[in-house]
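Listed here are the chains, written in short residue letters.
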Amino acid sequence: MELQQLRYVVEVAAASSFTRAAERCFVTQSALSHQIAALERELGQRLFVRSSRSVRLSEAGEAFLEHARTALRAAEQARESVAAAVGVVTGTLRIGVIPTVTAVDIPEVLVAYRAAHPLARVELQVGNSDVLMTRLRHGELDVALLGLREGAEPLGVASRVLSRDRLMAAFPRGHELCETGALTLHDLAGATFADFPAGTSGRAQSDAAFASAELSRDVAFEADSATLLLGLVAAGLAVTLLAPGTIERSAADVATAEVRDGPVRVEHLAWDLAAPRNVAKAFLAVIDDVVPGNAKAGPEEHSGPAFL
C-alpha cells in the first residue's frame, strides 16, 4: 500500500469519476485505474462500484476512505514538521471564507502570507458559514472566516472575533423609506424581503432579530449571493439587510439606512482546536500583522464554545 494509491482513492471518491480524478492528479486514467486495482487486489475488496455512468464507493470503500484521508494528513504533517524544525513553512493552506467577509481584505492577507511563506501553497474555498464549519471540523479546511449572528459561536474549533457590525437596510432608490432616516425593524416589517436561504447562518441573523421583536416578515426571494440580493433590491423587487461593508463594496444602485434595533453580524476567524497545522499557525500570525486592531493570540489560547 502506497501513499499515492491513497491519494487516488480520495480523489476518485471526491470526483465520482476516474477521468476527473486522473486529471486532478496529472496522470493518465489508465495509470490511476491500474494503481487502484492493485490496491483492491491487496485488500481483497472492491473499493468502488463502477458502471458505465457513474462511480461510487462500495461499503468497503466507505470504510477505507476516512483512514486514507487520515494517513495522507499524517504524512503531510510529518513533512511540515520537519520543515518547521528549521523554520520553514510548507504544505497547503486550505482557507474557507464567506462571500460577504468584510473584516479581512482577503487578497491583501494572501499576498502577505505568500510573501512570508513562498514555499506554501494556498487554496481558497467560498461558502456559507454552516458548510465551512462542517469542512473545518472534518479536517477539510485549516482556517475559516465565518459570519454568525450575535450570540452564536463556532463549535469544536478554536476561534476569535474579528469584527461586529449591525446590519444596514438596503432598499430601492425612491422607496418610501428613503426619507425616514434611521429605521427600526417595525418600519421594515411590512416590506418584501430578499435574504439568504432559510436555515443558513446568514439568514439566522435577521430571522432572530425579527423573532425577538415579535415581528413577522415576508421573505419572497432567497439567494446565496449578496450581489444577487442587492440586484433584486436595485430592481425594486425587495429590501434586504446586509453588513455595511458588503453594501459599500458593491456596485448596486441602492439606498441604505441604519436600523437601530437591527441584527448584529459577528465575523469569526476559526481553526482546528486539537492540532492546528503549521500553515494555519503561520496564517494566524499574518492576520495579527495585517488586520488593524486584531488581538494577538496563538491557537492554544482560544477555544470555541457551543455553536448555536
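The following paragraphs examine the structure supplied in this document. (Residues numbered from 1 in each chain as written. Predicted model: local features only at pLDDT ≥ 70, side-chain atom pairs only at ≥ 80, totals over all residues. Heavy atoms only, no water.)

The next subject is the nonpolar core. With 37 residues, the main nonpolar core has V104, Y113, L269 and F283 as its most contacted residues. Elements that contribute at least two residues to this core include exactly β3 (91-97), α5 (106-116), β4 (120-126), α6 (129-137), β5 (143-149), β6 (157-166), β12 (264-272) and α11 (278-290). It is α11 that provides the largest number of residues to this core, a total of eight residues. Sequence-distant contacts of V104, defined by excluding residues within four places in its chain, comprise V109, L145, L162, I287 and V291. (Core = buried A, V, L, I, M, F, W, Y, C linked by side-chain atoms within 4.5 Å. Buried < 20%, exposed > 50% of the residue type's maximum accessible area, 1.4 Å probe, protein only. Helix = DSSP H or I, 4+ residues; strand = E, 2+ residues; numbered from the N terminus. Contact = heavy atoms within 4.5 Å.)

Take the sheet that holds β6 next. As summarised here, the arrangement of the five strands in space is β4-β3-β5-β12-β6, forming an open sheet in which the pairing is mixed. With one partner strand each, in any of the chains shown, β4 and β6 form the two edges of the open sheet. Neighbour to neighbour, the strand axes of the sheet diverge by 20° on average, direction disregarded. The sheet contact formed by β6 and β12 spans nine bridges and is antiparallel. Looking across to β12, one finds that S159 is bridged to A270. This element, helix α8 (residues 201-212), spans β5 and β12 of the sheet and lies at about 20° to β5. (Pairing = 2+ DSSP bridges. Axes fitted to C-alpha atoms, helices over the stretch in contact; angles between N-to-C directions.)

Within the structure shown, the criterion is met by 14 salt bridges. The closest approach of N and O atoms between E40 and R50, which form a salt bridge, is 3.1 Å. Here R50 lies in strand β1 (residues 48-50) and E40 lies in helix α3 (residues 29-43), a separation of ten residues in the sequence. Taking relative accessible area as the criterion, E40 reaches 5% and is therefore assigned buried. A salt bridge links E222 to R203; its shortest N-O distance comes to 3.0 Å. (Salt bridge = Lys/Arg side-chain N within 4 Å of Asp/Glu carboxyl O.)

In an α-helix, one turn spans 3.6 residues; hence positions three or four apart end up facing the same way. For helix α9 (residues 226-234), the set of buried residues is A226, L229, L230, L232 and V233. Relative to the axis of α9, the buried residues are bounded by an arc of 155° and lie together on one face. Residues of α9 that are buried make contact with β7 (168-172), β8 (192-195), β9 (218-222), β10 (240-242), α10 (244-248) and β11 (254-258). Regarding α9, its N-cap is S225, as a side-chain oxygen of that residue lies 3.2 Å from the backbone nitrogen of T227 further along. A positive backbone phi angle near 85° is found at G236, which sits one or two residues after α9. (Arc of directions from axis to C-beta. Polar contact = N/O pair within 3.5 Å; in protein donor to acceptor, adjacent residues only side chain to side chain.)

What follows deals with the sheet that holds β11. The strand order across the open sheet built from three strands is β10-β7-β11, with neighbouring strands paired in antiparallel fashion. Strands at the two margins of the open sheet, each flanked by one partner only, are β10 and β11. Put simply, the sheet's adjacent strands are angled 35° from each other on average, direction ignored. With five bridges joining them, β7 and β11 adopt antiparallel strand pairing. Within the sheet, the bridge partner assigned to F171 lies in β11 and is A255. Of the strands in this sheet, β7, β10 and β11 are in contact with α9, which crosses β10 at around 140°.

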